[in-house]
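One-letter residues, chain by chain:
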Amino acid sequence: KIVVAARHVAKTYKEGTLRADVLEDVTFEVRRGETLAIVGASGAGKSTLLHIVGGLDTLTRGEVEIDGHLMSTLSDAQRGHLRNRSLGFIYQFHHLLPEFTALENVCMPLLVRDTPIDEARERASYLLDRVGLAQRMEHKPGELSGGERQRCAVARALVTKPACILGDEPTGNLDEHNAAQVYDLMLELNREIGTSFVLVTHDRRLAARMDRVLELSGGRMHALTNQAA
Ligand code: ADP
Ligand code: ADP
């Protein structure tokens, strides 16, 4: 089963007479339960691609399929619904709400989906426990370390049981030790829960931990057969 597919995706930015062909012809698929890393130099178009797959940016050509649905055939409302149901997001900066505790932050995506509060708290507590924050649930983001905040963001992304998590440099602001820890945690949760992960990173060593590594360069996707860092 394919959870995310991009086929012949192209993206051209136009500003006045300036044209930038950022993505020329990008095709890739993510299977259920698979972990995929997309590497590439700064400016290669990794964020642009993730934004397109996540429905945040428009494409110039090609198509994106999420959980068996062709995005181009859906209304805006249906696209939003599909995104909320099937995708989870992790960013370089945690985007946790500073006024709320870790537990409240992780409950939030469920509460906005009208999940009963007891059920939301139970699921959020379970995930916070799984990411090693059982003793930190009542702490606000400002009282957590950088690594703890990112682990909280991982719990928040998983709480709605998405088919696939999209991560844009999810450990980009962590040191090597904490970054590796967060990657290992994501892999552990992937094996346990079966959620697919697509992580964009410039760090090839972290990327090599994933099932598969693709490189974006020259506006195209290339399979990396030699995964040595
Ligand atoms: P990466 O994530 O691999 O560093 P990006 O997707 O952020 O790459 O950017 C790819 C290229 O697209 C860069 O050259 C960037 O300047 C350009 N770009 C990104 N967003 C825009 C935009 N909104 N308008 C014009 N150019 C953009
Ligand atoms: P916020 O203002 O809440 O931090 P953003 O402006 O970063 O949110 O993003 C707005 C919406 O776009 C979010 O609901 C998120 O789901 C989606 N989004 C943000 N970043 C990405 C990304 N890299 N890839 C796909 N979707 C994204």
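As a starting point, this report considers the structure included with it.

The rules behind each value
Residues numbered from 1 in each chain as written. Chains lettered and ligands numbered in written order. Predicted model: local features only at pLDDT ≥ 70, side-chain atom pairs only at ≥ 80, totals over all residues. Heavy atoms only, no water. Salt bridge = Lys/Arg side-chain N within 4 Å of Asp/Glu carboxyl O. Helix = DSSP H or I, 4+ residues; strand = E, 2+ residues; numbered from the N terminus. Buried < 20%, exposed > 50% of the residue type's maximum accessible area, 1.4 Å probe, protein only. Near = heavy atom within 4 Å. Polar contact = N/O pair within 3.5 Å; in protein donor to acceptor, adjacent residues only side chain to side chain. Areas by Shrake-Rupley, 256 points an atom, 1.4 Å probe, with all protein chains shown as cover. Core = buried A, V, L, I, M, F, W, Y, C linked by side-chain atoms within 4.5 Å. Contact = heavy atoms within 4.5 Å. Disulfide = S-S within 2.5 Å. 1 Å grid on protein atoms, 1.4 Å probe; cavity = no way out; pocket = protein on both sides within 12 Å on 5 of 7 lines; lining within 4 Å. Sits in = over half its atoms within 2 Å of the grid points. Nonpolar A, V, L, I, M, F, W, Y, C, P; charged D, E, K, R; others polar. Points joined across faces, edges and corners; volume = space filled by probe spheres on them.

As a further point, take the pattern of salt bridges. Taken as a whole, this structure holds 17 salt bridges when the rule is applied. Across the salt bridge formed by Arg209 and Asp184, the nearest N and O atoms sit 2.5 Å from each other. On the criterion of sequence distance, the pair formed by Arg209 in the loop between helix H7 (204–207) and strand S9 (212–217) and Asp184 in helix H6 (residues 176–193) is long-range, its members being 25 residues apart. Judged by relative accessible area, Asp184 falls into the partly exposed class, the value being 35%. Three or more residues joined by partner-sharing salt bridges are found here, namely Arg7, Glu29, Glu63 and Glu65.

A few words now on the site of ligand 1. Near ligand 1, the surroundings consist of Tyr13, Glu15, Val22, Ala41, Ser42, Gly43, Ala44, Gly45, Lys46, Ser47 and Thr48. A distance of 3.3 Å separates a nitrogen atom of ligand 1 from a polar atom in the side chain of Glu15. Interatomic distance of 2.6 Å between a side-chain N/O atom of Thr48 and an oxygen atom of ligand 1. For ligand 1, whose accessible area on its own is 560 Å², the fraction buried by protein is 58%.

The next point concerns the nonpolar core. Counting 40 residues, the largest nonpolar core has Leu128, Val131, Val154 and Met186 as its most contacted members. In terms of residues, this core owes the most to one element, H6, which gives 8 residues. In this structure, Leu128 is in contact with Ala102, Leu103, Val106, Leu133, Ala134, Met137, Cys152 and Ala155, ignoring residues within four places of it in sequence. If you look at the next biggest cluster of nonpolar residues, it comprises 29 residues, including Leu50, Ile52, Ile66 and Leu74.

Right, let's get into the state of the cysteines. Put plainly, a disulfide is one covalent bond tying together the sulfur atoms of two cysteines. According to the stated counting rule, one finds 0 disulfides in the structure shown. No disulfide involves Cys107; its sulfur sits 10 Å from the nearest other cysteine sulfur, which is in Cys152. For Cys107, a relative accessible area of 4% corresponds to the buried category.

Around ligand 2, the surrounding shell consists of Leu50, His51, Gly54, Leu56, Arg83, Phe89, Tyr91, His95 and Asp168. His51 places a polar side-chain atom, nitrogen or oxygen, 3.3 Å from a nitrogen atom of ligand 2. In the environment of ligand 2, an oxygen atom lies 3.3 Å from a nitrogen or oxygen atom belonging to the side chain of His95. The pocket occupied by ligand 2, as judged from atoms lying within 2 Å of grid points, is the largest pocket. A per-class count over the shell around ligand 2 returns 4 nonpolar, 3 polar and 2 charged.

Empty space within the largest pocket amounts to approximately 650 Å³. Looking at the largest pocket, it is lined by 24 residues, and the ones nearest its centre are Gly88, Phe89, Ile90, Tyr91 and Arg156. Looking at the lining of the largest pocket, the elements that each hand over two or more residues are helix H1 (46–53), helix H2 (76–86), strand S6 (87–90), helix H3 (102–111), helix H5 (146–158) and strand S7 (164–168). With 4 residues, S6 is the single largest residue contributor to the lining of the largest pocket. Its residues assigned to classes, the lining of the largest pocket comprises 12 nonpolar, 8 polar and 4 charged.

It is worth stressing that arrangement in space is one thing and function is another; only the former is reported here.
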